[in-house]
Amino acid sequence: MTNNRLFGALVVALVCLAVSPFASAACKVIGDGDTLPAWASPQAAEDPATVSAVGSATIDGDRLPEALAAARTQALKDLAERIRVSVSSSVRLNDSKVSEGGKQVLRSSIESVAEATTNVTLQNVRADQQWVDARRCQAWVRVSISRADFERARKRDLLLGLSKQVSAMLVLAEDATQPLVQREGSAAAAAALLGSNDFREVPEVPVAALRSRLGGVDKMLAKMKQDETRLLGLAQSHVQAYAEFKSATNPVERLEAAGRALRPLRTLLAASWVPDASVIGFAAQPRLVSLLNEAGYTCLARKAANEAQGCPPEALAQERQKEYFAGRQVTLSCSLRLGGKAEPWTKACASLSESLAKLGARTQVEAGAGKPAAGVTQIRLDAEGRIGKRQDPEDKSTGYRFEGAVKSQVRGLDSPIDDSYQALTGWNPVSDAMATDILALSAAKRLVERIGQSWQ
């Protein structure tokens, strides 16, 4: 009998625990009910003059204040997210105001602008509703802000985000490592954002400084656009000559084609910037090293590749002379004045022509000194003085020598060379003509060496 009573009491106790609203719950708080209020529903209607967001959090034991604070934070994040989505939509609308070249830049920046609004500062936000579900251990909080304040926050964060993107676009436009077309597109996108938005509501944004910076970028890119036309012309000349070099089988033709391919390539690399490989069709520096090796200029190839194991200066000079003149059109003008009218100095031009031909140049002697045609190098070699004469006291033979000045000039595609010096030949026992011929040989040799030295 006693056991039956104890069993009955236990059943009653278990039934009571089962029907108690808090018996099986992990939290120990007083709830507001089991039915979620309408305002906590995602489909809840919103006051036209108010923007609201709802957040919820799990209640840990009796720590209701912490749960309410977490729910409020979640609601604020949701409210900020609504601003962020609104900013993204506004940026997409700006996309239609950007020139074609800058659209892709702006389109790719939408996420960056939106991300800038994650930590928005909302003013006049109030928590106007809360609900505690003790059975499910959940706390609900609604925060609200007037639509006018919401729009002000949205617009402010939009402008702050866009100003950051303007700065980022200008950084890209100034980046010399980026292709010109991408830099132009970035500058166009920055100009569109500055021109289509009123930043007066965010006085901390340095609009005047951004506009001034954009102006400088535009001038720089305009100059680069002009340079690009010239550089692309050089690249095209190189590509054509390089194809001729690759297909040539005759050693002379191959040497000349290599020279025609190397000259525009070196000029291209000497520019302050080189168009991207995707624009010109090849990587300029690797192409230079490869072509020098293929053309037999192994020392110059090592130098271009910055290899530690170089070549003697003499070997470099010889290769540079050969590279300089290979396939180059050269006009020669030589004169000799011995007290009277200047006459053509045939021996000097013949000596120059012979030396340059061995280096692959195509030479032509001209009588006058005119302006060199495009792509032609003009070389002048002039001597003025007198022929000294003496009789040897022992064998009574006559000796002749030149005493005077020698001047030389190189004009054309490359840096000009001017050289002048006083010359005094040794005594020649044959004739005065032989004395000037010897002078011609030494003067021609000196000039060719000077040209090679100028290209070290």
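This text goes with the structure placed above it.
(A) Geometry of the packing of helix α5 (residues 147-174) against helix α7 (residues 207-247). Across the interface, α5 lies against α7 with an axial gap of 10 Å and an inter-helix angle of 25 degrees. The pairing of α5 with α7 is recorded here as roughly parallel in orientation. For α5 against α7, the interelement crossing comes out left-handed. Contacts between α5 and α7 involve Val-166, Ser-167, Leu-170, Val-171, Ala-173 and Glu-174 on the former and, on the latter, Leu-210, Arg-213, Leu-214, Val-217, Met-220 and Leu-221. Residue composition of the contact of α5 with α7, grouped by class: nine nonpolar, one polar and two charged.

(B) The arrangement of helix α12 (residues 313-325) in detail. With 13 residues, α12 extends 18 Å between its outermost C-alpha atoms, agreeing within 8% with the 18 Å of an ideal straight helix rising 1.5 Å per residue. Count one or two residues on from α12 and you reach Gly-327, which has phi positive near 75 degrees.

(C) Inspection of the side chain of Glu-228 at higher detail. With respect to the helices, strands and loops of the structure, Glu-228 is situated in helix α7. A relative accessible area of 11% means that Glu-228 is categorised as buried. Not counting residues up to four positions away in its chain, the partners in contact with Glu-228 are Leu-180, Trp-273 and Val-279.

(D) Fine view of the packing of helix α8 (residues 251-270) against α12. Axis separation between α8 and α12 bottoms out at 7 Å; the angle between their running directions is 95 degrees. Relative to α12, the element α8 is oriented roughly perpendicular. Facing Leu-255, Gly-259, Leu-262, Arg-263 and Arg-266 of α8, the residues of α12 in contact are Arg-320, Lys-322, Glu-323, Tyr-324 and Phe-325. Of the residues assigned to the contact of α8 with α12, the class counts are four nonpolar, one polar and five charged.

(E) Spotlight on the pattern of salt bridges. Under the defined criterion, the tally for this structure stands at 25 salt bridges. With a closest N to O distance of 3.2 Å, Glu-151 and Arg-154 form a salt bridge. Of this pair, Glu-151 and Arg-154 both sit in helix α5, three residues apart, which is roughly one turn of that helix. A salt bridge links Arg-156 to Glu-204; the nearest nitrogen and oxygen atoms lie 2.4 Å apart. Taken together, the residues span a long stretch of sequence, with Arg-156 in helix α5 and Glu-204 in the loop between α6 (180-196) and α7 at a distance of 48 residues.

(F) Here's a closer look at the nonpolar core. Judged by nonpolar contacts, the single largest core of 52 residues is most densely connected at Val-166, Leu-170, Phe-199, Leu-268, Phe-282, Leu-292 and Tyr-297. If you tally residues by element for this core, the top one is α7, at 12 residues. The contacts of Phe-199, once residues within four sequence positions are left out, are Leu-159, Leu-162, Ser-163, Leu-193, Leu-194, Val-205 and Val-207. Of all hydrophobic cores here, the second largest spans 29 residues; its members include Leu-352, Ala-361, Val-406 and Ala-443.

(G) Just the pairing of strand β8 (residues 398-411), in detail. Two strands pair when backbone bridges link them, and strand β7 (residues 376-391) and β8 are joined in this way by 14 bridges, in the antiparallel orientation. Bridging across to β8, Gly-385 finds its partner in Gly-404. Counting the residues between successive antiparallel strands, the hairpin from β7 to β8 contains six residues, one of them, Lys-396, with a positive phi of roughly 60 degrees. In terms of strand pairing, β8 meets strand β9 (residues 417-424) through eight bridges, oriented antiparallel. Within the sheet, the bridge partner assigned to Gly-404 lies in β9 and is Ala-423.

(H) Here's a closer look at the state of the cysteines. Taken as a whole, this structure holds three disulfides when the rule is applied. Disulfide partner of Cys-299: Cys-311, at an S-S distance of 2.2 Å. Judged by the sign of its S-S torsion, about -85 degrees, the cystine formed by Cys-299 and Cys-311 is left-handed. Placement of Cys-299 in helix α11 (residues 298-304) and of Cys-311 in the loop between α11 and α12 is noted, with a sequence separation of 12 residues between them. With respect to class, Cys-299 is no different from Cys-311; both count as buried.

(I) Region of the structure containing unusual backbone geometry. Although it is not a glycine, Cys-137 sits at a positive phi angle of roughly 55 degrees. With respect to the secondary-structure elements, Cys-137 resides in the loop between β2 (126-133) and β3 (138-146). A residue is classified by how much of its surface remains accessible, and Cys-137, at 8% relative accessible area, is buried. Look at Asn-306: it is not a glycine, yet its phi comes out positive at around 55 degrees.

What counts as what
For every chain, the first residue of its written sequence is number 1, and the numbers climb from 1 along that sequence. Confidence filtering applies because this is a predicted model: local features only for residues at pLDDT of at least 70, side-chain atom pairs given and counted only at 80 or more, and all residues used for totals across whole chains, interfaces and linings. Heavy atoms from the whole structure form the basis of all side-chain values; hydrogens and water molecules are not counted. The angle between two axes is taken between their N-to-C directions and runs from 0 to 180 degrees, where each axis is a line fitted to C-alpha atoms and a helix contributes only its stretch in contact. The numbering of helices and of strands both runs from the N terminus, where a helix is a DSSP run of H or I of at least 4 residues and a strand a run of E of at least 2. Note that the term roughly parallel is reserved for angles under 35 degrees, roughly antiparallel for angles over 145, roughly perpendicular for angles of 65 to 115, and oblique for everything else. Put simply, a crossing is left-handed when the front helix is turned counterclockwise from the back one by less than a right angle, and right-handed when it is turned clockwise. Every residue pair with non-hydrogen atoms within 4.5 Å of one another is taken to be in contact. Residues are grouped as follows: nonpolar covers Ala, Val, Leu, Ile, Met, Phe, Trp, Tyr, Cys and Pro; charged covers Asp, Glu, Lys and Arg; every other residue, Gly included, is treated as polar. Helix span, as expected, comes to 1.5 Å for every residue beyond the first. Only protein chains enter the calculation, and the probe is 1.4 Å; a residue is then buried if its accessible area is under 20% of its type maximum, exposed if over 50%, and partly exposed in between. Should a side-chain nitrogen of Lys or Arg be within 4 Å of a carboxyl oxygen of Asp or Glu, the pair is scored as a salt bridge. Only buried residues count toward a nonpolar core. Its members are Ala, Val, Leu, Ile, Met, Phe, Trp, Tyr and Cys residues joined through side-chain atoms within 4.5 Å. Should DSSP find at least two bridges between two strands, the strands are taken to pair. Two cysteine sulfur atoms form a disulfide, by the criterion used here, when they sit within 2.5 Å.

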